[in-house]
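Chain residues, written in single-letter form:
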Amino acid sequence: MAAAAASFAALPCLLLLLLLPSFGAASNVTYDHRSLIIDGRRRLVISTSIHYPRSVPEMWPKLVAEAKDGGADCIETYVFWNGHEIAPGQYYFEDRFDLVRFVKVVRDAGLLLILRIGPFVAAEWNFGGVPVWLHYVPGTVFRTNNEPFKSHMQSFTTYIVNMMKKEQLFASQGGNIILAQIENEYGGYLEQYYGTAGKAYAMWAASMALAQNTGVPWIMCQQPDAPDPVINTCNSFYCDNFQPNSPTKPKFWTENWPGWFQTFGESNPHRPPEDVAFAVARFFEKGGSVQNYYVYHGGTNFGRTTGGPFITTSYDYDAPIDEYGLRRFPKWAHLKELHKSIKLCEHTLLCGNTSFVSLGPKQEADIYTDQSGGCVAFLANIDSDKDKVVTFRNRQYDLPAWSVSILPDCKNVVFNTAKVQSQTSMVVMVPESLQAAKPDRWSIFRETTGIWGKNNFIRNGFVDHINTTKDTTDYLWYTTSFSVDGSYSSKGTQAVLNIDSKGHGVHAFLNNELIGSAYGNGSQSSFTVGLPINLRTGKNDLALLSMTVGLQNAGPSYEWIGAGFTNVSISGLKNGVVDLSSNNWTYKIGLEGEYYSLFKPDQRSNKRWVPQSEPPKNQPLTWYKVSKC
Ligand code: GAL
């Protein structure tokens, strides 16, 4: 066993008082290499992400209360630019987007808040949170050293900062916002994506953040090289080895992913509570002091807010609070016990000297001792397969594989991350059969196949889907006609409609019949499909419904990826392949049902809804409505 070098937290540490923060009086929020220091007190922060537009305001107080009861002392949220600035200079802060109301709900619950202003957020949110209209402001390139982008980005972030200041919400004003973030990445990623234009933008974004004069520190996630004094933070499943890269910066974890988001067609991701607890315990064991669960409550991607392609409406994330606001057992409770145990260690952890003792090839002890005689130990078994009995200070301890034991007095284990002792019962949602209950309450609306109403335009060849819809809808009809004579078929071969698309999906109709569907599984959701078809002699009508399923939310130059068809042809004909790509194509943006807002509650009595005794099956392009009483 070998004792390693000690480090000493220089700040004089009075005993930490575990009092609720009382807001109203201005707080001084600073930091050093070990932790945040709020009004002269070191703080170990358990933070939990709850994104306000992913639930309804009526749910917010309960969600925040559940986080607090689960041991959180802070809530973290992104700010979602495209939900707020719906057109240049036109702002929206109502209902689910009432940011001030959300921050005040958190404040009134006595919790701190970390505000990640974005405005680029990724977050599985449509277009990464950046308004689609900005892509069409001439000359704009997102997230580079580009004047239109920088000027709109600066206007929005300054607007948000001023709004918070006006409401006295920064801790420096007596509010609960203790940390803020602008942009989602600096340095590394942006440089890798955009070269010097990315790096220059990152440096500019950092200097812009610092100039905002909020009186609270600025943080940055997932980069080791944010410019001083912005604090680098970690973003990952495990952050024990994260180095803040500066002797003056503390070790913070902005995104600890307790689960993952779901995409259509994939299984529902799951991260066991034991592993989440292990990661958190290791982080604090190795000197971390602010840890945030991304996300603690994921909620729902309402409307067309989901990013993509193909990210589901549910943003449940296997989070400690489920999509509906209910505690997820045993995850919520296991983490609550973990938080309690870590909080018992807070003073000694943040104010003590640390030493390391090896207890075996994959077994470690990190020990903290303070001047008042406090002693805290974390005993870790990082062997993912084998349990181990270790000896620490002449006592024996059983350490299950991949686990950390927490000893707030260096003797007694109060918590082991692999031993789930809390409630293990789970909430099961029971589906209710609407069909059986009230068959007479169904009504439907059938879309026209192809152009409904007046077409938008006719063009030779293809247009880009997103440039055409500007994301006002997911749907764009591409229709054309062509003729074949009676001798079109080549003996023994089947005619095939070939479609190449940049994504995301298509429903193909020939002469009003659905002949097949396909969706993107290639790079950036492109796809190629061949659909067997039967042509009729003479004129044939082809109607292709191109669909987007959430716009890209991250990655280099993601706003330029585009969608829609690039090639359409028919093969298997006697005269070879007929390329329809440069035909005359007639376009229609959106669906008729969308045009009439049939999905809105105030349209439930719209006469276009046709009552049915039973919901029809296998009918494409059909809107269904059922009412329950
Ligand atoms: C992170 C990103 C978040 C979110 C997360 C995955 O890298 O910062 O916004 O996208 O990945 O859920």
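Scroll up to find the structure.
Being a predicted model, the structure only gives us computed values, none of them experimental. The numbering scheme is per chain: residues are counted from 1 as the chain's sequence reads. Under the rules for a predicted model, residues below a pLDDT of 70 receive no local features and side-chain atom pairs below 80 are neither given nor counted, while totals for whole chains, interfaces and linings still include all residues. Water and hydrogen atoms play no part in the side-chain values, which are based on all heavy atoms of the structure.

1. Things to note about the packing of helix α5 (residues 147-166) against helix α6 (residues 188-211)
Axis lines are fitted through C-alpha atoms, for helices just across the contact stretch, and the angle between N-to-C directions can take any value from 0 to 180 degrees. In this text, helices come from DSSP runs of H or I with a minimum length of four residues, and strands from runs of E with a minimum of two, each type numbered from the N-terminal end. The geometry of α5 relative to α6 is characterised by a closest axis approach of 12 Å and an angle of 25° between their N-to-C directions. Between α5 and α6, the interaxial angle falls into the category roughly parallel. By crossing handedness, the relation of α5 to α6 is classed as right-handed. Residues Phe-149, Lys-150, Met-153, Gln-154 and Thr-157 of α5 lie in contact with α6, whose contacting residues are Tyr-201, Trp-204, Ala-205 and Met-208. Only Asp, Glu, Lys and Arg are considered charged, only Ala, Val, Leu, Ile, Met, Phe, Trp, Tyr, Cys and Pro nonpolar, and every remaining residue, Gly among them, polar. Broken down by class, the residue content of the contact of α5 with α6 amounts to six nonpolar, two polar and one charged. Here roughly perpendicular refers to angles of 65 to 115 degrees, roughly parallel to angles under 35, roughly antiparallel to angles over 145, and oblique to all remaining angles. Rotating anticlockwise by less than a right angle from the far helix to the near helix defines a left-handed crossing, while the corresponding clockwise rotation defines a right-handed one. Only heavy atoms matter for contacts: two residues are in contact if any of them lie within 4.5 Å across the pair.

2. Details of the side chain of Ser-405
Its location among the elements puts Ser-405 in strand β19 (residues 403-407). The definition of a polar contact used here is a pair of N or O atoms within 3.5 Å, where within protein one atom must be able to donate a hydrogen and the other to accept one, and adjacent residues in sequence count solely through side-chain atom pairs. Within polar-contact distance, the side chain of Ser-405 engages the side chain of Asn-416 at 2.9 Å. For Ser-405, the residues in contact, after removing those within four places along its chain, are Ala-377, Phe-378, Leu-379, Leu-399, Val-413, Phe-415 and Asn-416.

3. Notes on empty space enclosed by the protein
Only protein atoms enter the 1 Å grid used here. Points where a 1.4 Å probe fits but cannot escape make up a cavity, open sets with protein on both sides within 12 Å along at least five of seven lines make up a pocket, and a residue lines them when an atom lies within 4 Å of a point. Grid points are joined across faces, edges and corners, and a volume is the space filled by probe spheres set on the points. All chains considered together, the criterion is met by two cavities of 30 Å³ or more. Space inside the largest cavity adds up to approximately 60 Å³. What lines the largest cavity is simply Phe-127, Ile-466, His-504, Leu-551, Gln-552, Tyr-558, Glu-559, Ile-561 and Gly-562. Looking at the lining of the largest cavity, its residues break down into five nonpolar, three polar and one charged. Reported here for the second largest cavity is a volume of approximately 40 Å³. As for the second largest cavity, its lining consists of Glu-76, Ile-114, Leu-179, Ile-219, Thr-233, Phe-252, Trp-253, Thr-254, Val-290 and Asn-292. Every element with two or more residues in the lining of the second largest cavity is listed here: β12 (251-256) and β13 (288-297).

It is worth stressing that arrangement in space is one thing and function is another; only the former is reported here.
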